[in-house]
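As a plain string of letters, each chain reads:
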Amino acid sequence: MVTTTAQQAVARVASLASDVVVDALPRSPDRSLFHVSFVGGTATNVISVRHGADPGSILLARPDAAVLSLTVSSAKDSLTHLIPYLSELASRPLVLHVAADGNLSDALSLRSSLPFVLHSSSVQQAHDHAILASRLARLERKAVLHIFHASHAAEGIVEVDAAQIHSFLNAERHHSRTLSTHNGNGHGNGTPYGANGNGVNGVNGVNDILSPPSSPSPKLSYPTHPTDDSPLYDLFKAYESASLDTLALVRRALRPLAYSGPTHPSTLIFTLGETAIDSKQIALLDNVGVVQVSLVSPLPPSKILASIPTSVSGIFVLEQIQEWPSKYTPLFLDIVTAVQQRPPPHRPTVHAGTLGAYSVRHSPSALDIQKLLQKPTSGTLHLGPSLPEPTPPHTHVEVPSHESAYTKILTTLFGERLQVENAPEKIVQYGDAATRPEFALGRVQVQLDAREELIQAVRDALRPGTTVSLSHELSVLLGKWLLAKDNVAQSRVYADQITPLLDSTPGLVRLHELQAHFAAPSRWIIGSDAWSHDLGASGLHHLISSSLNVNLLLLDTLPYTQRDSSPTVRLKKDAGLYAMNRGDVFVASVAVYSSYGQVLQALVEADRYPGPSVVLAYLPYEFPGDSDIGALQVLKETKLAVDAGYWPLYRWDPAKERDGKEPFSLDSEVLKADLEQFLERQNHLSQLVRTTPNVASELVGGLGERLKDARKKKAQRAYDKLVNAMDGPPLLVLYASDGGAAEKVAKRLAARGKARGLATRVQVLDSLPLTDLAQESNVAFVTSTAGQGEPPQNGRDTFKALNAAAARNETPLESLKYSVFGMGDSHYWPRPEDKHYYNKPGQDLDARLSTLGAERFADLGLGDDQDADGPQTGYKEWEPKLWKALGVDTVEVTEAEPEPITNEHIKIASNFLRGTIKEGLEDESTGALAPSDGQLTKFHGIYEQDDRDIRDERKDQGLEPAYSFMIRVRMPGGVCRPEQWLAMDRIADERGNSTFKLTTRQTFQFHGVIKRHLKPSIQAINRALLDTIAACGDVNRNVLCSSMPPLKHLHAEMYNFAKTLSEKFMPRTSAYHEIWLDKKMVAGDAVKDFEPMYGAYYLPRKFKMAVACPPHNDVDIFTNDVGFIVIADEHDHLAGFNITAGGGMGVTHSNKKTYPRLGDVLGFVTVEQAYTIAESILLTQRDNGNRKDRKNARLKYTIDRMGLDIFKAEVERRAGFSFQPARPFSFDSNVDFFGWTKGLNGKHHYTAFIENGRVQDEPGRHFKTGLREIAQTHKGTFRLTANQHLIIADVPEDQVAVIEKLLAKYKLDNLTHSALRLSSSACVAFPTCGLAMAESERYLPILIDKVEKMCEENGLRNDSIIMRMTGCPNGCARPYVAEVAFVGKSPGVYLMLLGGGYYGQRLNKIYRESVTEPEILAILQPMIKQYALERLEGERFGDFTIRAGYITPTTSGKEWYDGTG
């Protein structure tokens, strides 16, 4: 027995029994009664349909389904949409599960249109009837209406196992539909319920399911069986057969009419409702019987008569119906019709009545029933409490939160002018119809008519000879208003001036009445994509043909990834094309999560257009009532749709055509680029044909030559393959690799095979179709592991193809011999429940190949990162087995293996960072650069990336990834001038993705720059007197400097030091200027480049420096390779620095040879000595760093390998002097302090919160526009902080008010955020970072929304807790010194760390190896509560987690893994 509610029981059966379940959602904010209870069964699809949408069309779009189910509440507006489709649905195998809430009026309104109607009055009966209804619909191919009562409390019921339900529904009929032969004792012949004693006594030959065994009815003296085979009776026999089959399954009787009471009652009560009158109460009554109705239709009169003994003289029909359109209710009419067939002496009197608000738990008492029977019968009788009044429409309707993205924009753009004609709040005034677009269109017509009447009234008032005397001022204003009535701004100005004058002018009654129409509003109607289902009959057609000046915002919410599975796609038409064909309608297609600026432009143009406008707005989400669906998923779906061309962005303005301009504007950047490229090729070809007419025929003729050449090459490859096979067995090495490790192993394996005389080839796994794989003889597979046991990106198609072939039980690889080597990390998923993720792709591939008929010639090999030699430990065991199986294990290899190409080879061969970058930029056949050039461009401040949100989609379309580049600016200390800020803003708009990032290295970072925009972007950066050289790569990168120390002159001195330091350690190669700025080397090639400090190899790994001014450690000084801690003299000027060395954040998950480390303090040096010391440290690293293993190449590992004392001595030897003892210093924080401060020079500085450093415009936060306007006004500087925020610095006193006004205008003055949010930081991660394993920048704000609620509940809203997140373990956001940190491991899964020092003085430690959001929240909830209750005075959260025993302190980087949680 299980405890459940009726709706849960029904939802379970519906999802198990149906191919498709359509769940009609109620009006927001109510939630679906069913959605959370659907289970995975045979249902391949559960479709949630928004309130007001059209479930009937979705059901009709599935004609081949064995069983369809619709789950819906009995609210009238939910059922109304079904009525037009009932005639067609009646002949479909459909079960309509309708959840009633006491009142059956609305549900029973469907009764006359459907062949079968069942009613359930208990949870158990709802479960059993759901199975019966599914069986009936499947066998009869007809619709069944199942009405049950939504239970508010769970009850214990006996459920049927899922497997039994499946087999039962798929079984043939067990009982004949011809069940009219009965013997005299009431047992049905030929059924298992007859003479064996398991039967149920019947009523004189009437089928035994009509009455219970305890209450046999007396034998009737007249015939009760029908004498004809009427359609109604045929339907009943179908029901009868299915109910007997169901009885055999559930072992509970399913009676259409269930009788309780004495053998010879004089009064009979029929009930239809949620009431089950207790048999004990019936026994207290005198000769009263009760029949509970479970089958509403088909119910033949003969079956009703069979349940009414001849002793009955009076019948009371009680239905739980509050209101009915006709005088008589349906069951009452059925019973009256039936009793009319009895002769008058045996014909009882029938009385109609209403069954009150009883339920299974609260049934009528004997006293209640007795009072009913004693009432006069002239009117309608009533038993029990009155039914509740129908629930009025919600006076407050919640618009799905995502839709506010558009409504907020409308509000921002149009302010007081905005009129949403079908806004939900109008329900209070106009009722439920107020939200319907058709109703809104009528309101607009009325308003426009009223305004025309106002215009005429004004003209009449101004006409000479009018009886009304107007003042000169009013007369002038009315005249001006007439001229400017359609001008948005001026009409409102005049309206404000005219209105008070009307009050003092008698006789202008009509103007008084219409004065609300003086100002020109912006009228909008908001609709859904349901308008696109039937364009000719919908409100869309009426709107665009009306020529009214009204705007329609049409929201399309279908997610791109569900475009093929959703049945609504077949019904939707192209509303934009339909509207454009009219010729006089403004049309736009927009997507706020793709191009915010284009949305603004389209809405403004729509409002300006003097006629109907249709704006198609994309907003993909699945369940409007689900508040947990984040904007992140909406963003991803939008990007897929726009970039794939599914949702093009465009504007069509007929007004431009009238002015002789092009009316159509294509705004989709991807489509525009493809179109431009196509047109360029076409134009080039056209020009070529014009100048050389015979070129066309030559091109066409050349196609045949190319085909011949291709055939020759193919034949040559086949010949080479044959010749190679003569030397030794063929071996194909296929690899799948994301990070390159598996690729290196595969290529090394192929080279070793070739050295043994094998005919070897090596290629990417996905490059070989399954059909070609079947033709191979020997294949070695090498695969790494991605995410949660997923195959690498370049092997997923093959995995899908293999799985699909296995699902079809095919064996296409019977001639293939294979072996698999998998690479993974056994510690990456340390929890027992996650162990199966270890090397899962390799193990799955090995098993799947065997299933498809392939023969394993060497056992599966597994390489584990945790082994002594990493994956090589397992590889060394696997490779000899491979050679032995191929018969080449005895071959002696004398030739040395070629050394694998590493970054060191690329650097030395690059000719001082040139490589083939220049040639790669000119290659238009791809959006990428060569892999080796991709390593070199880092030295130029450029990373090659691709949009990972759409990577899979583009791969499915046969396209290369959407390559773009990240550009990072070199800007020491993070200081720039306003004109430089404006230049960065323009570059982001013209060359990037219209946003830019303030990074943790105090600089600008651009994303989404395509290859042909790289050079113009870098040239624009240089024109702004900035550059990108050494912003990345194995050199000293951008030098950090504390943003806002207390003393202004000290900041100037340390900033100048940081700037000089950056210039001193900049690479000297001229390659940067040659490639990007078109500057040639002096004397051609006669003078060669020379790197006096770095040399031709540059550094083993990246190198970072920072300058910090105590007590503020905003740059996290100890996380840098070299740190300069400012020591001031007695006059508060710069005396020198305490030097730190050996900090670094980068880690490789589960690789204990890698770890974060904080820098050690080496000692004090003067300012002049600091440059020398920095150079000595860098040169020591250059000459001693690990160039063989980049994972152990940072300075931190060099120091630990050499020993701190030896390293320090080497630095002093190179510098020529020793360190002085370190001077005293202290830090107390590393967060930014927001708001206004005043420097010693009298100038002001404002620190603005820029969440995660992303400068962009979004609904409600137009930060990018605001900062642009500030830069156009500001005369001081901008300072970027290492915490990704912005200081508007050096504001003179007379400009403070101007800046404050702009800050307020764009909400940049909002500093009311929680201290947790103000102290947070995140790296970019998805979608652009190629190293990201999980979300970071896009997800951290969502997580903080939830965690800060915990802080607020415990009184910690204003207590700073440093929380950081990165998408991979490289540590760009410095997570390993945060008090709480999350480091991505796979999508949605993070490493959780605790215990970092509040001011960056202590590393944190791993608390949990892998956590998801629910686990994060479950961990932090009690932890934050305990911190609030038990913390000591001034104790920080990181310190508390150590004192409370959650984690042990980390004393050094090498001990980071010790004592993890």
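These remarks concern the structure in this document. On a predicted model such as this, the values are computed, not experimentally measured, just so you know.

Re the overall build of the protein
- When its secondary structure is counted, the protein shows 48 helices and 50 strands.
- Within the protein, contacts between residues separated by at least 24 positions form 74% of all contacts whose residues are at least 6 apart in sequence.
- Taken as a whole, the protein presents about 60,800 Å² of accessible surface, with 52% of it coming from carbon and sulfur.

A word on the pairing of strand 44 (residues 1277–1280)
- Residues of strand 44 alternate between two faces, with T1277 and R1279 on one and F1278 and L1280 on the opposite face, all of them buried.
- Two strands pair when backbone bridges link them, and strand 31 (residues 975–976) and strand 44 are joined in this way by two bridges, in the antiparallel orientation. Looking at strand 44, one finds that V975 is bridged to R1279.
- Taken together, the four bridges between strand 44 and strand 45 (residues 1286–1291) define a ladder with antiparallel strand orientation.

Quick look at the environment of V820
- Here V820 lies in strand 26 (residues 817–824).
- A residue is classified by how much of its surface remains accessible, and V820, at 0% relative accessible area, is buried.
- In contact with V820, other than residues within four places in its own chain, are F781, G842, L845, D846, L849, D859, L860, G861 and W878.

Thoughts on empty space enclosed by the protein
- Counted according to the given criterion, the structure contains six cavities of 30 Å³ or more.
- Considered as a void within the structure, the largest cavity measures approximately 80 Å³ in volume.
- Looking at side-chain class alone, the lining of the largest cavity contains five nonpolar, four polar and two charged residues.

Some details on the state of the cysteines
- Inspection of every chain in the model, using the stated rule, returns zero disulfides.
- The thiol of C1109 is unpaired, and the distance to the nearest cysteine sulfur, on C1041, comes to 8.5 Å.
- Relative accessible area serves as the criterion here: at 3%, C1109 is assigned to the buried category.
- C1323 provides the cysteine sulfur closest to C1372, a residue in no disulfide bond, and the two sulfurs are 5.9 Å apart.
- According to the relative accessible area criterion, C1372 is partly exposed, its value standing at 44%.

Concerning the packing of helix 27 (residues 741–755) against helix 31 (residues 871–885)
- The contact between helix 27 and helix 31 brings their axes to 12 Å, and the two run at 35°. Two packed elements cross with a definite hand, and for helix 27 against helix 31 that hand is right-handed. Contact with helix 27, carried on its side by V745, R748, L749, R752 and G753, involves Q872, Y875, W878, E879, L882 and W883 of helix 31 and no other residues of that element.
- Of the residues contributing to the contact of helix 27 with helix 31, the split by class is six nonpolar, two polar and three charged.

Details of the environment of D23
- Mapped onto the elements, D23 comes out in strand 2 (residues 20–24).
- Along the primary structure D23 and V72 are separated by 49 residues, whereas in three dimensions their C-alpha atoms are 6.3 Å apart.
- For D23, the side chain forms a polar contact with the side chain of T71, separated by 2.9 Å.

Considerations on the pattern of salt bridges
- Applying the stated criterion across every chain yields a total of 68 salt bridges.
- Across the pair K1346 and E1413 runs a salt bridge whose closest N-O atoms are separated by 2.5 Å. Placement of the pair is K1346 in helix 46 (residues 1340–1353) and E1413 in helix 47 (residues 1413–1430), with a sequence separation of 67 residues.
- Residue classification places K1346 among the partly exposed residues on the basis of a relative accessible area of 26%.
- Salt bridges linked by common partners bring K636, K639, D947, D949, E1335 and R1338 together as one network.

Comments concerning the sheet that holds strand 40 (residues 1244–1248)
- The five strands are arranged 31-44-45-40-39 in an open sheet whose pairing can be described as antiparallel. Taken across any chain shown, the strands that pair with only one partner, and hence form the sheet edges, are strand 31 and strand 39 (1235–1238).

Quick look at helix 7 (residues 162–170)
- Of all the positions in helix 7, only I165, F168 and L169 are classed as buried. For helix 7, the arc enclosing every buried residue in end-on projection is 90°, short of the 170-degree limit, so these residues lie on one face.
- In this structure D161 caps helix 7, since a side-chain oxygen of it lies 3.0 Å from the backbone nitrogen of A163.

A look at the packing of helix 6 (residues 123–140) against helix 7
- Following both chains from N to C, one finds helix 6 and helix 7 inclined at 30°, their axes separated by 9 Å at the closest point. In this view, helix 6 runs roughly parallel relative to helix 7, as classed from their interaxial angle. Judged by the twist between their axes, the crossing of helix 6 over helix 7 is right-handed. Every residue of helix 7 that contacts helix 6 at I131, S134, R135 and R138 is listed here: I165, F168, L169 and N170.
- Residues that form the contact of helix 6 with helix 7 fall into these classes: four nonpolar, two polar and two charged.

A few points about the packing of aromatic side chains
- Following the criterion strictly, the structure yields 36 aromatic pairs and no others.
- Geometrically, the ring pair formed by W981 and F1004 is edge-to-face, given 5.5 Å between the ring centres and 70° between the ring planes. Here F1004 lies in strand 33 (residues 1004–1009) and W981 lies in helix 36 (residues 978–990), a separation of 23 residues in the sequence.
- Under the relative-accessibility criterion, W981 is labelled buried at 0%.
- For F1004, a relative accessible area of 0% corresponds to the buried category.
- Both rings, one in F1118 and one in F1227, keep their centres 6.1 Å apart while their planes meet at 85°; by these two values the pair is edge-to-face. Taken together, the residues span a long stretch of sequence, with F1118 in the loop between strand 35 (1105–1108) and strand 36 (1122–1128) and F1227 in the loop between helix 42 (1204–1215) and strand 39 at a distance of 109 residues.
- For F1118, a relative accessible area of 9% translates into the label buried.

Points about the sheet that holds strand 50 (residues 1405–1411)
- Read across the open sheet, the five strands follow the order 46-47-48-49-50; overall the sheet is mixed. This sheet does not close on itself; its edge strands, each paired only once, are strand 46 (1321–1322) and strand 50.
- Pairing geometry for strand 49 (residues 1389–1394) and strand 50, over four bridges, is antiparallel. Paired with L1393 across the two strands is I1406, which belongs to strand 50.
- Sheet contacts for helix 46: strand 46, strand 47 (1363–1366) and strand 48 (1380–1386); angle to strand 47, the most-contacted strand, approximately 150°.
- Packing of helix 47 onto the sheet brings it into contact with strand 47, strand 48, strand 49 and strand 50, and relative to strand 50 it is tilted by some 140°.

Here we look at the environment of N911
- Inspection of the secondary structure assignment puts N911 in the loop between helix 32 (903–908) and helix 33 (917–922).
- Judged by its relative accessible area of 43%, N911 falls in the partly exposed class.
- Separated by 160 residues in the primary sequence, N911 and A1071 have C-alpha atoms spaced 8.6 Å apart.

Structural notes on the nonpolar core
- In terms of nonpolar packing, the biggest core is built from 102 residues, with W981, F1004, F1006, F1124 and I1177 touching the most fellow members.
- For this core, the element with the most residues is helix 40 (residues 1167–1184), which contributes eight residues.
- Setting aside residues up to four positions removed in sequence, F1124 forms contacts with F1057, L1061, M1105, A1106, V1107, A1108, I1117, F1137, N1138, I1139, A1170 and A1174.
- Within the second largest apolar cluster, 70 residues are counted, among which are L272, V312, I315 and L331.

What to know about the pairing of strand 9 (residues 257–260)
- Here strand 9 shows a clear split, with L257 and Y259 buried on one side and none of A258 and S260 buried on the other.
- Two elements, strand 9 and strand 11 (residues 288–293), share four bridges in a ladder whose sense is antiparallel. Residue pairing in the sheet places Y259 in a bridge with V291 of strand 11.

The rules we used
Residues numbered from 1 in each chain as written. Predicted model: local features only at pLDDT ≥ 70, side-chain atom pairs only at ≥ 80, totals over all residues. Heavy atoms only, no water. Helix = DSSP H or I, 4+ residues; strand = E, 2+ residues; numbered from the N terminus. Contact = heavy atoms within 4.5 Å. Areas by Shrake-Rupley, 256 points an atom, 1.4 Å probe, with all protein chains shown as cover. Buried < 20%, exposed > 50% of the residue type's maximum accessible area, 1.4 Å probe, protein only. Pairing = 2+ DSSP bridges. 1 Å grid on protein atoms, 1.4 Å probe; cavity = no way out; pocket = protein on both sides within 12 Å on 5 of 7 lines; lining within 4 Å. Points joined across faces, edges and corners; volume = space filled by probe spheres on them. Nonpolar A, V, L, I, M, F, W, Y, C, P; charged D, E, K, R; others polar. Disulfide = S-S within 2.5 Å. Axes fitted to C-alpha atoms, helices over the stretch in contact; angles between N-to-C directions. Left-handed = near helix turned anticlockwise from the far one by under 90°. Polar contact = N/O pair within 3.5 Å; in protein donor to acceptor, adjacent residues only side chain to side chain. Salt bridge = Lys/Arg side-chain N within 4 Å of Asp/Glu carboxyl O. Arc of directions from axis to C-beta. Parallel < 35°, antiparallel > 145°, perpendicular 65-115°, else oblique. Phe/Tyr/Trp six-rings, centres within 6.5 Å; stacked < 30°, edge-to-face > 60°. Core = buried A, V, L, I, M, F, W, Y, C linked by side-chain atoms within 4.5 Å.

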